[in-house]
Protein chains: 6
Amino acid sequence: MRPSGRANDQLRQIILETGFSKHAEGSCLAKFGDTHVLCTATVESTSPRWLKGTGLGWVTAEYGMLPRATNTRTDREAAKGRQSGRTQEIQRLIGRSLRAVVDRKAMGEIQIRLDCDVLQADGGTRTAGITGSWVALHLAFQHLVKIGQLTAIPLTDHVAAISCGLHEERAVLDLDYVEDSAAQADANFVLTGRGGIVEIQATAEERPFEETQFNELLRLARKGIGELVEQQKRAIGG
Amino acid sequence: MRPSGRANDQLRQIILETGFSKHAEGSCLAKFGDTHVLCTATVESTSPRWLKGTGLGWVTAEYGMLPRATNTRTDREAAKGRQSGRTQEIQRLIGRSLRAVVDRKAMGEIQIRLDCDVLQADGGTRTAGITGSWVALHLAFQHLVKIGQLTAIPLTDHVAAISCGLHEERAVLDLDYVEDSAAQADANFVLTGRGGIVEIQATAEERPFEETQFNELLRLARKGIGELVEQQKRAIGG
Amino acid sequence: MRPSGRANDQLRQIILETGFSKHAEGSCLAKFGDTHVLCTATVESTSPRWLKGTGLGWVTAEYGMLPRATNTRTDREAAKGRQSGRTQEIQRLIGRSLRAVVDRKAMGEIQIRLDCDVLQADGGTRTAGITGSWVALHLAFQHLVKIGQLTAIPLTDHVAAISCGLHEERAVLDLDYVEDSAAQADANFVLTGRGGIVEIQATAEERPFEETQFNELLRLARKGIGELVEQQKRAIGG
Amino acid sequence: MRPSGRANDQLRQIILETGFSKHAEGSCLAKFGDTHVLCTATVESTSPRWLKGTGLGWVTAEYGMLPRATNTRTDREAAKGRQSGRTQEIQRLIGRSLRAVVDRKAMGEIQIRLDCDVLQADGGTRTAGITGSWVALHLAFQHLVKIGQLTAIPLTDHVAAISCGLHEERAVLDLDYVEDSAAQADANFVLTGRGGIVEIQATAEERPFEETQFNELLRLARKGIGELVEQQKRAIGG
Amino acid sequence: MRPSGRANDQLRQIILETGFSKHAEGSCLAKFGDTHVLCTATVESTSPRWLKGTGLGWVTAEYGMLPRATNTRTDREAAKGRQSGRTQEIQRLIGRSLRAVVDRKAMGEIQIRLDCDVLQADGGTRTAGITGSWVALHLAFQHLVKIGQLTAIPLTDHVAAISCGLHEERAVLDLDYVEDSAAQADANFVLTGRGGIVEIQATAEERPFEETQFNELLRLARKGIGELVEQQKRAIGG
Amino acid sequence: MRPSGRANDQLRQIILETGFSKHAEGSCLAKFGDTHVLCTATVESTSPRWLKGTGLGWVTAEYGMLPRATNTRTDREAAKGRQSGRTQEIQRLIGRSLRAVVDRKAMGEIQIRLDCDVLQADGGTRTAGITGSWVALHLAFQHLVKIGQLTAIPLTDHVAAISCGLHEERAVLDLDYVEDSAAQADANFVLTGRGGIVEIQATAEERPFEETQFNELLRLARKGIGELVEQQKRAIGG
């Protein structure tokens, strides 16, 4: 039995709430159970300098966590004067994941910046961030179509993410903090709507794991991401 | 007529929503219209080193703003590697304001840290932060009483804050962003429940102002803060 | 009786010594008793980028303190790698105060940068800094008139500052360090030569104070600033 | 045909040269073709503070690159004042990978710090770093056994790493820089001597990839890591 | 003819003014012509951690320059967030120079920190800093003798410094800024009262120079430092 | 007898190994006994901004040390976020020394950046860095001549460096770490091939030294540098 009482292949309650932010061109508060990540998309009128003249746009991401999003307070990175390695790793992952489904030629020489800020953390903040950012990004593109700056939404597919892990010898889907802390292995999967692999990060926490176990994790991830993509469709009013 | 249609002495809609955070010992989402500031109180088991052995506790505050809390995106302070002068000014003000109504001897040698994070900004974030932090602080003290660490809540009074300003030649209460940007003068008042003055910060933005104008601003502030204190009472279930 | 033996409404000995710096376009060593602040004005040929093309100039300030300006040595901010919140708060205040009496259109698209460096501290460094900076700024403008870059001095009035406070239940003018450390409340007033209010910062240190007490502080400030303005007139050879 | 003329499942020339450093307790210059990474192991007499009293040791890693290790010079991180996200990601990976085969109870409350410094880069620096660090770590443990501080080498297995990728539609082993720059997908595998999975990081660079492709990459990795483990055995004189 | 009209072996006007600072245990404003460096000595009750238990004290120095000490304003190091290489080089030199004449055993396990702050610069700030710091240090030791903490002044000799250089083919003593900017070679000499060499830093600015020229610079330095030592004796009331 | 058994005027074994780096335009691994410094020269297509339009080029240097180059591990400067004063002092010295023999007009408006990275340290890293950098610089200029960007090598002479010191009352050449740690005085000499003086840095470590001693150190340096210049000639294939 999982600590939360969920079945092994059961997601937490997923809510993708749009329109949370008054100012952003697109926004989505992604809730995976008690993990709440606010994703906002900001449209910037130029792409980065190193893309000038290429006709290509750029999508990038930043990640942060409120100090008391966690059970024990985490020091504010702005006060410490540097972003942790973990923060940088996560924001690089989010940016890469989204770019895998963006038609950067079609979007033109602009930049869209996703901010993923964790209001409350209970495991899986990066996967909630990716899943919610896709919604925020879609809404920002909708906005650009609506105001006539784009003629179509330059997204080639959905992208969503979920964590799986080995917990007490069994493969489980969508780990919460309690499970994550005690997992033998932990894997994050980023897949497209059509099931293509965008990113896999699998890590043994305690002792090495086997290929058959890995395959079981991937199978669970496919199920969970299928459900997340359905939620994304509802969120964008599709 | 004010841009928002409010009367000169009318606050925006005020909501002090408690229990927003699952983890914090006390929390309050303070909404002054479209300004939303999440205030969390974290209890730490020791006071700062320089108070060791004095029998006194400490209350301090930190302030931050989500990058897209504002109309135009603001760069993340964690990414820039330093907190702005404005941020530091505000967090020092919030800490000082709360300490003015704390019985630091009665609280004992612990520290309570208030985090004020602006989820959405529309003027008056520091006054919402002070007003909401008092609620979060009260809830954290309630928690300490409940678990038997304290016998009574070591607060001597309420403290709340509001901005007033001179807008198109008239004194108005609780400026929103549009008014704030065009104000001739801008003043923040921090008062106690019994009307004592904790802090006044009045600034001419465009040209110097007169003492009679200042007195009118203070009169408005007294009215607004009276109403905020009523809201605080309701929020703490009083 | 005040520790210094001064009357309640008596300033310390005020000296505004011009020409202290060989290199600066304007300079003033402002002495308020044992508080000595060197103020230099540097003329820069362009205004900040965000003013380009507006026809407006800019006046800004920086503040620093020599490590042994204080009784106990203070660590060098350059060695620590960041300016404290207090430093940033003060330099923002000095800049705002001066801009309130500058005709930024008449000065044209240049920038004048005031550096206020505390050679010795005994309370009231920010008020000495503002008062001395006005003199340094005036001298820099005189220089620009003399070399034909300006036709008139683009200042609309004097500006000067003084601290007042509640010390042993009484309102007193121009606190020195001993009084400041023990004050119940501390207020800094920035007023123009004609008595207009530019900035008020009043802070309860120990317990809240009353409006009547605040009014008494303001009355003292008016008297002190009147005397400072006379000194400024003498300093600029008026 | 691969640019280097290698077969799809062929490693570059691998050299694990021990004793490169006069001072370190263990050292290994790992050469994967033109990629040269110097790995040194430093024994520290205490484990990190947060392990005090647990009886457990710690193994950690740092990573750096000489400015002209790369074809185009890379700015020195010490001069920029911060380590890039990429650097932090890699050094976290190296540390995690080694800890997966360390018996932290048996090593006792010490710390071993691996420094991986890239003298020359041609793709695959992190995999060379992990493979060489295992050798340096083993030598440092040998040293501790020799001087009588440990009775046996507290390693449970070998660990080694290799990159694989999809290059011109084919899965290839051990990408060099030219292949890496043009790869459709890029995966780093960290496996133990017995074939257990320690870490998988697979990233689509251009477009999503399929599960069958991923499985082919893993098959290649198993072959390559088998050969690397043989080299490690020779290097430690086994 | 030198730009200043001085003879080749003539110092600028030297003033070593003691008692400039109200707070410091020793202070000296060292003026070498228009170069004005404030040197303060701060006594700290413990020596650095790495000397704990050795019975030895430590003398160290920090160096700074007011932004408008120079003809063109120099950015404030505190604002830039780091001390320049030049600053660090100078403060290390000053500390080393003073330690060469301190009996660190006799002073006991305390630390004295010299702060050299350039109020106005016209060449030779480091040599003025060393020469004035010796006076400030002596005064601080006098103070410790007076209050009974030491029985004798733990200085083994004077130490003073001067720059010499090759200007328009001739060796000259005590370069001012105009000469320094145009010098073919520039050398700083730190000598003791008895003529021992503490430090020599000689640098070709434009083209290499000859040993005979170097010897001529050293001869000038001996003359100048002899005069500086006389001034130091007067300053300490000897 | 010296700890190493060398004669007083005997260098350690000197090896200047070219072509160590695959990528750099010029490279030299300079070995002075167990001190190994990798020097690479990078050609950049423009000179620094402040030289734009002057027709002059620039040569600059950076210096770093691998963490375990030293007997006790040194913390990584990139991790600490700042370069030490020692590092900055050394890299400024290397740059100055090389510029003394470069015809900056003849090289044109380009920049060459020397990176000196200490792979292993045993005293004298800065002198090995200067000596090896001259070789790397020469090779980079050869490369520019070969590709037709320059018509001749714009070097006016050799430059090389060596340390000398007073060790157990005797002057000795080329100190290793053991001697350096116990030296009474330590001097670094930078001379040209024709014997011109580029830089002298002589420091008393323990007590002041005499002019006759200094002259003996300089005599030793001339001998050593003569031999280094011969090695440089061989290294560049001259």
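Position numbers for residues start from 1 in each chain and track the written sequence from start to end. Ligands are numbered from 1 and chains lettered from A, in the order in which they are written. Note on the predicted model: pLDDT of at least 70 is required for a residue's local features to be given, and 80 or more for side-chain atom pairs to be given and counted; whole-chain, interface and lining totals, by contrast, use all residues. Computation of side-chain values: all heavy atoms of the structure, hydrogens and water removed.

Going by what an unreviewed UniProt entry lists, chain A is known as Ribonuclease PH and is assigned to Roseiterribacter gracilis. UniProt positions are given in the numbering used here, feature names are shortened, and annotations may be inferred rather than shown by experiment. In its Catalytic activity (unreviewed entry) section, the UniProt entry covering chain A states "tRNA(n+1) + phosphate = tRNA(n) + a ribonucleoside 5'-diphosphate". Here chain A is described in UniProt, under the heading Subunit (unreviewed entry), as follows: "Homohexameric ring arranged as a trimer of dimers."

(A) Broad picture of the overall build of chain A. Secondary structure counts use DSSP, requiring at least four H or I residues in a row for a helix and at least two E residues in a row for a strand, with both numbered from the N terminus. For chain A, the count of helices and strands is 6 helices and 9 strands. Radius of gyration here uses only the C-alpha atoms, and the compact-globule reference equals 2.2 Å multiplied by the residue count raised to the power 0.38. Here the C-alpha radius of gyration of chain A, 18 Å, is about what a compact globule of 238 residues would show, namely 18 Å. Each principal axis of the C-alpha distribution contributes one length, and for chain A these read about 55 × 40 × 30 Å. A simple rule labels every residue: compare its accessible area, found with a 1.4 Å probe on the protein chains alone, to the largest value its type can have, and call it buried under 20%, exposed over 50%, or partly exposed in between. For chain A, with 238 residues in total, the buried portion stands at 62%. Contacts are residue-level and defined by heavy atoms, with any inter-residue pair within 4.5 Å sufficient. Contacts spanning at least 24 positions in sequence make up 70% of the contacts within chain A whose residues lie at least 6 apart. Note that His is not counted, nor are the chain ends; the positive residues are Lys and Arg, and the negative ones are Asp and Glu. By convention, the charge on Lys lies at NZ, on Arg at CZ, on Asp at CG and on Glu at CD. Placing the 29 positive and 30 negative side-chain charges of chain A at their respective mean positions leaves the two points 6 Å apart.

(B) Up close: the relation of the copies chain C and chain E. Between chain C and chain E, the superposition needs a rotation of 180 degrees and an axial shift of 0.0 Å, giving an RMSD of 0.0 Å. Taken together, the rotation angle and the small translation identify this as a two-fold axis. Of the residues that chain C buries at the interface, 100% are likewise interface residues in chain E, meaning the two copies contact each other through the same surface. A least-squares fit on C-alpha atoms brings the copies together, and the residues used are those whose pLDDT is at least 70 in both copies.

(C) Representation of the sheet that holds strand β1 (residues 14-18) of chain E in the model. Residue and element names in this part refer to chain E. The 5 strands lie next to each other as β1-β2-β3-β5-β4, forming an open sheet whose pairing is mixed. Lying at the two open borders of the sheet, with one neighbouring strand each, are β1 and β4 (58-65). Across the sheet, the axes of successive neighbouring strands diverge by a mean angle of 20 degrees, strand direction being ignored. Two strands are said to pair when DSSP picks up at least two bridges between them. By the bridge criterion, 8 bridges tie β4 to strand β5 (residues 111-120) in an arrangement that is parallel. Its bridge partner lying in β5, W58 is registered against Q111. Axis definition: a line fitted to C-alpha atoms, over the contacting stretch in the case of helices. Angles run 0 to 180 degrees between N-to-C directions. Along the sheet face, helix α2 (residues 85-99) touches β4 and β5 and points at about 145 degrees away from the line of β4.

(D) Representation of the UniProt feature "binding site: phosphate" (unreviewed entry) in chain A within the structure. This chain's UniProt record puts "binding site: phosphate" (unreviewed entry) on R86(A), G124(A), T125(A) and R126(A). The greatest C-alpha distance among the residues just named is 13.2 Å, despite their covering 41 residues of sequence, which places them together in space. Position of R86(A) relative to the elements: it lies in helix α2 (residues 85-99). For R86(A), a relative accessible area of 30% gives the class partly exposed. Not counting the four nearest positions on each side in its chain, R86(A) is found in contact with Y63(A), M65(A), T125(A) and R92(D). Tracing the sequence through the fold places T125(A) in helix α4 (residues 125-146). Take T125(A): its relative accessible area is 6%, and that puts it in the buried class.

(E) Seen up close, the packing of helix α4 (residues 125-146) of chain C against helix α6 (residues 211-235) of chain C. Residue and element names in this part refer to chain C. One way to put it is that α4 packs onto α6 with a least axis distance of 10 Å and a crossing angle of 30 degrees. Taken together, the axis directions place α4 and α6 in an arrangement best described as roughly parallel. The two elements α4 and α6 meet at a crossing, and its hand is right-handed. Taken together, the residues of α6 that come into contact with α4 (itself represented by T131, W134 and V135) are L228, Q232 and A235. Of the residues assigned to the contact of α4 with α6, the class counts are 4 nonpolar, 2 polar and no charged. Throughout, the term roughly parallel applies to angles under 35 degrees, roughly antiparallel to angles over 145, roughly perpendicular to angles from 65 to 115, and oblique to all others. Each crossing gets its handedness from the near helix: less than a right angle anticlockwise from the far helix is left-handed, clockwise is right-handed. Amino acids outside the nonpolar list (Ala, Val, Leu, Ile, Met, Phe, Trp, Tyr, Cys, Pro) and the charged list (Asp, Glu, Lys, Arg) are all regarded as polar, and Gly is one of them.

(F) Geometry of the side chain of E179(B). Inspection of the secondary structure assignment puts E179(B) in helix α5 (residues 177-182). Those residues in contact with E179(B), other than ones at most four positions away along the chain, are R2(B), P3(B), R6(B), H167(B), V172(B) and D174(B).

(G) Geometry of the relation of the copies chain F and chain E. For the match of chain F to chain E, the screw axis carries a shift of 0.0 Å, the RMSD comes to 0.0 Å, and the turn is 180 degrees. Interface overlap between copies is the fraction of interface residues in one copy that are interface residues in the other; for chain F against chain E it reaches 100%, indicating a shared surface.

(H) Spatial organisation of the UniProt feature "domain: Exoribonuclease phosphorolytic" (unreviewed entry) in chain A. Residues and elements named next belong to chain A. Following the UniProt record, one finds the feature "domain: Exoribonuclease phosphorolytic" (unreviewed entry) at residues 10-140 and 159-224. Within residues 10-140, the helical portion is 30% and the strand portion 31%, while the C-alpha atoms at the span's ends are 31 Å from each other. A helix fraction of 30% and a strand fraction of 44% characterise residues 159-224, whose end C-alpha atoms lie 12 Å from each other.

(I) Quick look at unusual backbone geometry. Its identity is not glycine, yet E169(D) carries a phi of approximately 75 degrees, on the positive side. Under the relative-accessibility criterion, E169(D) is labelled exposed at 59%.

(J) Structural context of the interface of chain F and chain E. Listed as interface residues are 28 residues of chain F and, on the opposing side, 28 residues of chain E. Taking both sides of the interface into account, the surface hidden between chain F and chain E amounts to around 2500 Å²; carbon and sulfur atoms contribute 47%. Of all residues in chain F, E89(F), I197(F) and E211(F) give up the largest surface area on contact with chain E, accounting jointly for 21% of the area buried on that side. Salt bridges are defined by distance alone: a side-chain nitrogen of Lys or Arg within 4 Å of a carboxyl oxygen of Asp or Glu. For R92(E), the salt bridge is made with E89(F), and the minimal N-O distance between the two is 2.8 Å. N or O atoms within 3.5 Å of each other form a polar contact, as long as, within protein, one can give a hydrogen and the other can take it, and as long as residues adjacent in sequence are counted only when both atoms are side-chain atoms. Taken together, the links from chain F to chain E amount to 16 residue pairs in polar contact (both at pLDDT 80 or more). Among the secondary structure elements, those contributing two or more residues to the side of chain F that touches chain E are α2 (85-99), β9 (197-204) and α6 (211-235) of chain F. It is β9(F) that provides the largest number of residues to the side of chain F that touches chain E, a total of 8 residues. Along the lines of polarity and charge, the residues of the side of chain F that touches chain E split into 10 nonpolar, 9 polar and 9 charged. In terms of strand pairing, strand β9 (residues 197-204) of chain E meets β9(F) through 5 bridges, oriented antiparallel. Counterpart to T203(E) in the pairing with β9(F) is E199(F). Put simply, buried area is how much 1.4 Å-probe accessible surface two parts lose in total, over both of them, once they are put together.

(K) Just the sheet that holds strand β9 (residues 197-204) of chain A, in detail. Pairing within the open sheet is antiparallel, and its 8 strands lie in the order β7(A)-β6(A)-β8(A)-β9(A)-β9(D)-β8(D)-β6(D)-β7(D). The open sheet has two free edges, formed respectively by β7 (170-173) of chain A together with β7 (170-173) of chain D, since each of these has just one partner strand. Ignoring strand direction, the axes of neighbouring strands in this sheet form an average angle of 15 degrees. Strands in contact with α4(A) are β6 (159-167), β8 (185-192) and β9 of chain A; relative to β6(A), the strand with the most contacts, it is inclined by about 160 degrees. Helix α2 (residues 85-99) of chain D contacts β9 of chain A together with β6 (159-167), β8 (185-192) and β9 (197-204) of chain D of the sheet and is inclined by roughly 150 degrees relative to β9(D).

(L) Region of interest: the interface of chain C and chain E. Chain C puts 37 residues into the contact, and the matching count from chain E is 37 residues. Summed over both sides, the interface of chain C with chain E buries roughly 2800 Å², with 48% coming from carbon and sulfur. Counting across the chain C and chain E interface gives 14 salt bridges. Residues D34(E) and K22(C) are paired through a salt bridge, measuring 2.9 Å at the closest nitrogen-oxygen approach. Between the two partners, chain C and chain E, sit 24 residue pairs in polar contact (both at pLDDT 80 or more). Taken together, the elements giving at least two residues each to the side of chain C that touches chain E come down to β3 (35-44), β4 (58-65), α1 (77-80) and β5 (111-120) of chain C. A total of 6 residues in the side of chain C that touches chain E trace back to one element, the largest contributor, which is β5(C).

(M) Layout of the environment of L38(B). Here L38(B) lies in strand β3 (residues 35-44). Since its relative accessible area comes to 4%, L38(B) is described here as buried. Aside from chain neighbours lying at most four places away, what touches L38(B) is L66(A), F20(B), C28(B), L29(B), D115(B), C116(B), D117(B) and L119(B).

(N) Inspection of the arrangement of the chains at higher detail. Across the gap from chain A to chain E, with no contact made, the nearest C-alpha atoms are 11 Å apart. Nowhere do chain B and chain F come into contact; their C-alpha atoms are at least 11 Å apart.

(O) Examining the pattern of salt bridges more closely. Summed over all chains, the structure comprises 144 salt bridges over all chains. Across the pair D122(E) and R12(E) runs a salt bridge, and its minimum N-O distance is 3.8 Å. Here R12(E) lies in the segment before β1 and D122(E) lies in the loop between β5 and α4 (125-146), a separation of 110 residues in the sequence. What emerges from the salt-bridge pattern is a single network uniting E44(A), E62(A), R113(A), D115(A), D117(A), R73(B), D75(B) and R76(B).

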